[in-house]
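# A closer look at the structure
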Amino acid sequence: MEKTISVLLVEPMKKPRVITIPHTLEEMQKLVDGCIQAVYPWDDPVALVCDEEALYKGKDLNRALVDEKGIPYDIVKGAFFICGLGEDDFCSISDILAEKYKELFYWPEIFTRTMDDHIVWTKLKPDEEAKVIV
């Protein structure tokens, strides 16, 4: 087991950055401020690790997860990180995949609920239009 791993940390209202952390459950929980949950929304050998109770804790909405057509299907709440997948454990994210996901999540996102219960999603990117999530 590696003593440290490099992960891509994505926090609400901040641009993602690669950091090196001790490879311990406690450190991973500290990063997401809660019990970790790993999800695997992509074909790449990476995991998105977040707080499994973020929704119930009322954490800030962070980034939308979108399908191959760019249509959002979920919103990650609170800080999360993306790491690599080893044979039986998390490992460092490769430089190539770190750059890929850094670009994907580069611009912070704002989510606003409308009076008719839709969510408006806007990336804080110049010349980007707001999108409505049903």
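Residues numbered from 1 in each chain as written. Predicted model: local features only at pLDDT ≥ 70, side-chain atom pairs only at ≥ 80, totals over all residues. Heavy atoms only, no water.

### Describing the nonpolar core
Just so we agree on the cut-off: To form a nonpolar core, buried Ala, Val, Leu, Ile, Met, Phe, Trp, Tyr and Cys residues must be joined to one another through side-chain atoms within 4.5 Å. Think of it in three bands: with a 1.4 Å probe and only protein chains considered, a residue is buried below 20% of the maximum accessible area for its type, exposed above 50%, and partly exposed in between.
Counting 15 residues, the largest nonpolar core has Trp42, Val46, Leu48, Phe80, Ile82, Tyr101 and Phe105 as its most contacted members. Core analysis: the second largest hydrophobic core is formed by 13 residues, Val7, Ala47, Val49 and Cys83 among them.

### Things to note about the packing of aromatic side chains
This is how it is decided: Planes of paired rings set the category: under 30 degrees apart is stacked, over 60 is edge-to-face and the rest tilted, where pairs are Phe, Tyr or Trp rings (Trp by its six-membered ring) whose centres lie within 6.5 Å. Under the DSSP-based scheme used, a helix requires at least four consecutive residues in state H or I and a strand at least two consecutive residues in state E, with every element numbered from the N terminus.
All chains considered together, the criterion is met by four aromatic pairs. Ring centres of Phe80 and Phe105 lie 5.4 Å apart, and the angle between their planes is 75°; on these two criteria the pair is classed as edge-to-face. On the criterion of sequence distance, the pair formed by Phe80 in strand β7 (residues 80-85) and Phe105 in the loop between α3 (95-104) and β9 (109-113) is long-range, its members being 25 residues apart. Phe105 shares its class with Phe80; the two are buried. Each residue in the set Trp42, Phe80, Tyr101 and Phe105 is aromatic and connected to the rest through ring pairs, giving one cluster.

### What about the pairing of strand β10 (residues 119-123)?
Heads up, the condition is: At least two DSSP bridges between two strands are needed for those strands to be called paired.
By the bridge criterion, five bridges tie β9 to β10 in an arrangement that is antiparallel. Counterpart to Phe111 in the pairing with β10 is Trp121. The turn joining β9 and β10, which pair antiparallel and follow one another in sequence, is formed by five residues; a positive phi near 70° is taken by Asp117.

### Points about the pattern of salt bridges
For the record, the criterion: A pair is scored as a salt bridge if a Lys or Arg side-chain nitrogen falls within 4 Å of a carboxyl oxygen belonging to Asp or Glu.
With the rule as written, the count across this model stands at ten salt bridges. Residue Glu11 is joined to Lys14 by a salt bridge in which the shortest nitrogen-to-oxygen separation is 3.7 Å. Among the residues examined, Glu11 registers a relative accessible area of 18% and is labelled buried. Taking relative accessible area as the criterion, Lys14 reaches 41% and is therefore assigned partly exposed. Across the salt bridge formed by Asp33 and Lys59, the nearest N and O atoms sit 3.9 Å from each other. Of this pair, Asp33 sits in the loop between α1 (25-32) and β3 (36-39) while Lys59 sits in the loop between α2 (54-57) and β5 (61-66), and the two are 26 residues apart along the sequence. Linked by salt bridges that have partners in common, Asp33, Asp51, Lys57 and Lys59 make up one network.

### A closer look at unusual backbone geometry
Positioned with a positive phi, Met13 is a non-glycine residue whose angle comes to about 65°. Although it is not a glycine, Asp33 adopts a positive phi angle of roughly 60°.

### Section: α1
Short version of the rule: The directions considered for the arc run from the helix axis to the C-beta atoms. Any two residues whose heavy atoms approach within 4.5 Å are treated as being in contact.
Of all the residues in α1, the buried ones are Glu27, Met28, Leu31 and Val32. End-on, the buried residues of α1 take up no more than an arc of 130°, which puts them together on one face. Away from the buried face of α1 by more than 90 degrees, exposed residues Glu26 and Lys30 are located. Packing partners of the buried residues in α1 comprise β1 (4-10), β2 (17-22), β3, β4 (46-51), β7 and β8 (90-91). Asp33 occupies a position one or two residues after α1 and carries a positive phi of about 60°.

### Describing the side chain of His23
To keep it simple, the criterion reads: Side-chain atoms alone can form a polar contact between residues adjacent in sequence; in general such a contact is a pair of N or O atoms within 3.5 Å, and within protein one must be able to donate a hydrogen while the other accepts it.
Mapped onto the elements, His23 comes out in the loop between β2 and α1. Here His23 falls in the buried class, since its relative accessible area comes to 7%. Of the polar contacts made by the side chain of His23, one reaches the backbone oxygen of Phe90; its length is 3.1 Å.

### Some remarks on the state of the cysteines
Let me state the cut-off plainly: Note that a disulfide, as used here, is simply two cysteine sulfur atoms within 2.5 Å.
Scanning all chains against the criterion turns up zero disulfides. The structure places no disulfide on Cys50, whose sulfur is separated from the nearest cysteine sulfur, that of Cys83, by 11 Å. The thiol sulfur of Cys91 is not disulfide-bonded, and the nearest other cysteine sulfur, from Cys83, lies at 7.1 Å. Residue classification places Cys91 among the buried residues on the basis of a relative accessible area of 17%.

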